[in-house]
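Structure assessment
One-letter residues, chain by chain:
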Amino acid sequence: MIRTRRKNHVVVLVVMFILVLLFSSYVLWNCRKDEKSLITSVYIYGLKDARGLSDVGGSFEYLLRENASDDLIVFYARAYSIRAGHLEDTFGLLQAYTDDERFQLMFSAMSNYHLFLHVVSFSNSTRMKSLIEKNLETLKELDNLMENVTKYQNPDDLPQELAEKIFRTSEKLEVQ
């Protein structure tokens, strides 16, 4: 009789353990699914800024060619600087949350881009135009690279090589 009770208790404990294990596994699976959804949402939200940065070089080239006013050039530089700052924050969050090297490279690249645009937007007329002219080819190269980023709607699909190329290109931006 006592052995039967012990067996029943053991069976009940084993069943309860299995149920707790199954429930914990389900909760963990659900959290990972939510985490993946959150990461994708943050990434897609950042793509609007990537789209906005896919015409910086072309815009500045046009503004210089048409002899645009300093105020207009500053307006564009500040607007692009804000987009680069947003994208810097986006990739910083993604890197902090995932520890993915691609996001670290993109964060660093957007930091470089943001700094360059910030310096341009607060420079005097002569220096501002000189900085843009000196970096125009690099800016146009970044236009193409940022356009490529927008093709990847899932953060897992962003190629390592593209992130590396954007980072290396951003390092070419001269603020002196």
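Residues numbered from 1 in each chain as written. Predicted model: local features only at pLDDT ≥ 70, side-chain atom pairs only at ≥ 80, totals over all residues. Heavy atoms only, no water.

**A look at the overall build of the protein**
What counts, and what does not: Secondary structure follows DSSP: runs of H or I at least 4 residues long count as helices, runs of E at least 2 residues long count as strands, and numbering of each begins at the N terminus. The globule rule is 2.2 Å times the number of residues to the power 0.38, and the radius of gyration it is compared with is taken over C-alpha atoms. Think of it in three bands: residues with accessible area under 20% of the maximum for their type are buried, residues over 50% are exposed, and the middle band is partly exposed, with areas taken using a 1.4 Å probe on protein chains only. Contacts are assigned to residue pairs with any non-hydrogen atoms lying within 4.5 Å of each other. The Shrake-Rupley method, run with a 1.4 Å probe sphere, supplies the accessible areas, and residue values consider only the shown protein chains as cover. Lys and Arg are tallied as positive, Asp and Glu as negative. Neither His nor the chain termini are counted. One atom stands in for each charge, and that atom is NZ of Lys, CZ of Arg, CG of Asp or CD of Glu.
Looking only at helices and strands, the protein has six helices and zero strands in total. Each helix and strand of the protein, placed in order from N terminus to C terminus, yields the pattern α-α-α-α-α-α. For the protein, whose C-alpha radius of gyration is 25 Å, the value lies well above the compact-globule estimate of 16 Å for 176 residues. Principal axes of the C-alpha set define a box for the protein whose edges measure 100 × 25 × 25 Å. Buried residues in the protein amount to 38% of all 176 residues. Partitioning the contacts of the protein with sequence separation of at least 6, the portion at a separation of at least 24 is 78%. Put simply, the protein shows about 10,800 Å² of open surface, and 58% of that area lies on carbon and sulfur atoms. Counting 21 positive and 24 negative side-chain charges, the protein places the averaged centre of each group 13 Å from the other.

**With respect to the confidence of the model for the protein**
Defined as follows: A residue's pLDDT is the predictor's confidence in that residue, given on a scale from 0 to 100.
With 93% of its residues at a pLDDT of 70 or more, the protein shows a mean pLDDT of 90. The least confident element of the protein, judged by mean pLDDT, is helix H1 (residues 2-52) at 76; the most confident is helix H6 (residues 160-170) at 98.

**A look at the pattern of salt bridges**
Rules: Within this document, salt bridges are pairs made up of a side-chain nitrogen of Lys or Arg and a carboxyl oxygen of Asp or Glu, the two lying within 4 Å of each other.
In this structure the tally under the stated criterion is 10 salt bridges. Salt-bridge contacts for Asp49 lead to Arg83; the nearest nitrogen and oxygen are separated by 3.1 Å. With Asp49 in helix H1 and Arg83 in helix H3 (residues 70-98), this pair connects stretches of sequence that are 34 residues apart. Judged by its relative accessible area of 4%, Asp49 is buried.

**Describing the packing of aromatic side chains**
As a reminder, the rule being used: A pair of aromatic rings is counted whenever rings of Phe, Tyr or Trp (Trp by its six-membered ring) have centres within 6.5 Å, and the orientation is called stacked for planes under 30 degrees apart, edge-to-face for over 60 and tilted otherwise. Criterion for a charge above a ring: Arg CZ or Lys NZ at most 6 Å from the ring centre, at most 35 degrees from the ring normal.
In the structure shown here, the tally under the stated rule is five aromatic pairs. When the centroid spacing of 6.1 Å and the interplanar angle of 50° are considered together, the rings of Tyr76 and Tyr80 count as tilted. Note that Tyr76 and Tyr80 are positioned in helix H3 at a spacing of four residues, about one turn of the helix. A residue is classified by how much of its surface remains accessible, and Tyr80, at 7% relative accessible area, is buried. Members of the aromatic cluster, joined through ring pairs, are Phe60, Phe75, Tyr76 and Tyr80. A cation over an aromatic ring shows up here: Arg102 above the ring of Phe103, its NZ or CZ 5.2 Å from the ring centre.

**A word on the side chain of Ser81**
Locating Ser81 in the fold gives a position in helix H3. Excluding anything up to four places from it in sequence, Ser81 contacts His114, Leu117 and His118.

**Thoughts on H3**
Rules: Any helix carries an expected span of 1.5 Å times its number of residues minus one.
Look at H3: 41 Å from first C-alpha to last across 29 residues, which is about the 42 Å you get at 1.5 Å a residue. With its phi angle positive at about 60°, Asp99 sits one or two positions after the end of H3.

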